[in-house]
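Next come the chains, spelled out residue by residue.
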Amino acid sequence: MARNLLFRTLGFTIFASIGLQVLGSPRINAETSNAKEAIEHGKKVWFENTYGGEKFFHFLANHPDASKRITVGFENVVNTPRNQRFERWGAINDPDCHVNPSGGPDLCTDPSASGIVGIRKALSSTGKPIYGISCASCHAGFDPLNPPSNLNEPTWSNIHPTIGNQYLESGKVFAANLPATDPRKIMFSSWPKGTADTTAIFNDHIMNPGVVTAFWNITDRPTFDVGLSEKKIRAGQGGEDDLGGDIAALRVYTNIGVCFSECVASNINQPINIRQCKKTCPDFPPQKDLDDLVTFLQSIRAPKLPTTYFSDTFRFQRGKKIFESNCASCHSKDSSQKHVLSNDEVNPLNLDPAQATNKCRALSTNWEEGHIWAEFSSSNYKKRVPEGLKGYRTMPLSGIWATTPFLHNQSVGEWAAPNASPSERAKSFERSMYELLNANRAPKISVSPVAIGPFPAGTPLHEIFSRDATTGKLLCDDIIENRGHTYGSDLSDRDKKALIYWLKSQ
């Protein structure tokens, strides 16, 4: 009884994250004036638009069921002194705002700006500020080729729009106003920096924080037949969002509460009906916004270390050959994929269990038939479910030198210093790669620091938070977070050095 009550309480825990992983094929030629206008408009959508999502967070803070209330800590972040925000929350200050000499929130010329990139404000019916988020709240980060000298006073030239904020303490933001005894506070607080549980808004009862991914080289990605008029790029860590960029974007916006009252609240246990939602929701994102957002993301290329970092031609060529013989069967580099370094195939967890990484994220149910995001995934994705073929996409390796740690849950490797120079970040990448190329990693298991219901202190968090809300059945028993993908661990040290050297150039 105590266990079931616990899980019913957790059943409406939420997280606001932009979960886009990849988008569709090019819409217009990037050199045309129309394309330039689309890119600029798409960039504005990326950084500024919330489509009324702030109303959802306001609703959560005032939920009629007190056990389900949660006041997400946006206001906590906004009211943190500007010179402390990054260190405390990993939030990036808006370069167009400045310190209010009287104290309180920053002063900004944009009335919807909060002082933090991606956190946007509006007014409630009572005239009080309420907060929502845009895509950039999670996905804008410091430019690895031009980091800021002052972490709390970046310029726009120091901010990369799509690298993914590897330092964002999103779990702390959501735990900020929960009492210490609330189990959700422990769950949120356990999320590693730079991760988001994209199925915690509409909870599938599987704890699965995943990396906030980078977007670049999208037009280089392989495409797949999903039963539509044109092939589409796979999206999501498990290939779930595979019906095109606009549909993937819509799914993401529903994840941050857009159109909640019109499209979800009336029947929270049924799939969102996209066509009906468009008819009934005044905040539904316009198609032009979605198309231009896709065009903007298609314009971004991976950051590359300057060629001056690669003077050892012999080591470079040796690393390339080692990659081709050891990695390219999955991380393809043929001409049709333009060196994006991924075949984008979904690798079933049961294909090679010894090499499978932590499976909890891949076991997500929200895109399955009859579940909330069913209309956002193809029949091809749904066919993998009964056949036991869920897994993770082979992730692209272009720009990998700038995005440590590794794996879908940030569990292998290290965070570079936020303002690391390119050479310092490359060194962090090298150390992280040595950890990845190691078959004897010390197991990483997150455990509860205190007793939660029937679970004593020290219980692995997956055993607490990955359970059916009604029956208490364990839905994911994989407690080791950094296991698997030890390919290349048997290489000689010389060959590992060469492989890492070559990968830095990609």
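Residues numbered from 1 in each chain as written. Predicted model: local features only at pLDDT ≥ 70, side-chain atom pairs only at ≥ 80, totals over all residues. Heavy atoms only, no water.

## Quick notes on the packing of helix H13 (residues 313-326) against helix H17 (residues 493-503)
Consideration 1: Direction vectors running N to C along H13 and H17 enclose 95°, while the axes themselves pass 7 Å from each other. Judged by the angle between their axes, H13 and H17 are roughly perpendicular. Contact residues: H13 offers Phe314, Arg315, Phe316, Arg318, Gly319, Lys320, Ile322 and Phe323, while H17 offers Arg494, Asp495, Lys497, Ala498, Leu499, Tyr501, Trp502 and Leu503.
Consideration 2: The residue makeup of the contact of H13 with H17, split by class, is nine nonpolar, one polar and six charged. (Axes fitted to C-alpha atoms, helices over the stretch in contact; angles between N-to-C directions. Helix = DSSP H or I, 4+ residues; strand = E, 2+ residues; numbered from the N terminus. Parallel < 35°, antiparallel > 145°, perpendicular 65-115°, else oblique. Contact = heavy atoms within 4.5 Å. Nonpolar A, V, L, I, M, F, W, Y, C, P; charged D, E, K, R; others polar.)

## What to know about the nonpolar core
Consideration 1: Core analysis: the largest hydrophobic core is formed by 106 residues, its most contacted members being Trp46, Phe74, Tyr253 and Phe323.
Consideration 2: In terms of residues, this core owes the most to one element, H17, which gives six residues.
Consideration 3: Not counting residues within four places of it along the chain, the set of residues in contact with Phe74 comprises Phe57, Ile119, Tyr131, Ile133, Val173 and Phe174. (Core = buried A, V, L, I, M, F, W, Y, C linked by side-chain atoms within 4.5 Å. Buried < 20%, exposed > 50% of the residue type's maximum accessible area, 1.4 Å probe, protein only.)

## Description of the environment of Ala362
Consideration 1: With respect to the secondary-structure elements, Ala362 resides in the loop between strand E9 (346-348) and helix H14 (379-384).
Consideration 2: Through-space distance from the C-alpha of Ala362 to that of His408 is 9.8 Å; in sequence the pair is 46 residues apart.
Consideration 3: With near-sequence residues (within four places) excluded, Ala362 lies in contact with Leu349, Lys390, Gly391 and Tyr392.

## A closer look at the pairing of strand E4 (residues 129-133)
Consideration 1: Taking burial as the measure, the five residues of E4 include four buried ones, the bulk of the element.
Consideration 2: Of the pairings in the sheet, the one linking strand E3 (residues 119-123) to E4 comprises five bridges and is antiparallel in character. Pairing of Arg120 across the sheet is with Gly132, part of E4.
Consideration 3: Between the antiparallel neighbours E3 and E4 lie five residues, among them Gly127 with a positive phi of about 85°. (Pairing = 2+ DSSP bridges.)

## Some thoughts on unusual backbone geometry
Consideration 1: Going from Thr404 to Pro405, the amide bond is cis rather than trans, its omega being 5°.
Consideration 2: Take Pro405: it is sitting in the loop between strand E10 (391-393) and helix H15 (422-436).
Consideration 3: One non-glycine residue, Asn217, lies in positive phi territory at about 55°.
Consideration 4: Its place among the elements puts Asn217 in the loop between strand E8 (210-211) and helix H9 (245-255).
Consideration 5: Using a relative accessible area of 6% as the deciding quantity, one classes Asn217 as buried.
Consideration 6: Here Leu407, not a glycine, exhibits a phi torsion of approximately 70°, which is positive.
Consideration 7: Inspection of the secondary structure puts Leu407 in the loop between E10 and H15.

## Remarks on the pattern of salt bridges
Consideration 1: This structure, assessed with the given rule, holds 26 salt bridges.
Consideration 2: As a salt-bridge pair, Lys390 and Glu368 come within 2.4 Å of each other at their nearest N and O atoms. One end of the pair, Lys390, is in the loop between H14 and E10; the other, Glu368, is in the loop between E9 and H14, and 22 residues separate them in sequence.
Consideration 3: With a relative accessible area of 11%, Lys390 lands in the buried category.
Consideration 4: On the accessibility criterion, Glu368 (14% relative accessible area) is buried.
Consideration 5: In this structure, Asp493 engages Lys497 in a salt bridge whose closest nitrogen and oxygen atoms are separated by 3.7 Å. Of the two residues, Asp493 and Lys497 are both situated in helix H17; the distance of four residues between them amounts to about one turn of the helix.
Consideration 6: Here Asp493 falls in the partly exposed class, since its relative accessible area comes to 43%.
Consideration 7: Given a relative accessible area of 39%, Lys497 falls into the partly exposed group. (Salt bridge = Lys/Arg side-chain N within 4 Å of Asp/Glu carboxyl O.)

## Topic: the packing of aromatic side chains
Consideration 1: Across all of its chains, the model carries 20 aromatic pairs by this definition.
Consideration 2: Taking the centre distance of 5.7 Å and the plane angle of 55° together, the rings of Phe56 and Phe57 count as tilted. Phe57 matches Phe56 in its accessibility class, with the two residues each being buried.
Consideration 3: Each residue in the set Phe56, Phe57, Phe59, Phe74, Phe174, Phe188, Trp191, Phe202, Phe260, Trp367 and Trp373 is aromatic and connected to the rest through ring pairs, giving one cluster.
Consideration 4: The ring of Phe224 is capped by Arg234, whose NZ or CZ atom sits 3.7 Å from the centre of that ring.
Consideration 5: A cation over a ring is seen here: Arg251 above Trp373, with NZ or CZ 4.7 Å from the ring centre. (Phe/Tyr/Trp six-rings, centres within 6.5 Å; stacked < 30°, edge-to-face > 60°. Lys NZ or Arg CZ within 6 Å of the ring centre and 35° of its normal.)

The quantities given are spatial measurements derived from coordinates; they are silent on function.
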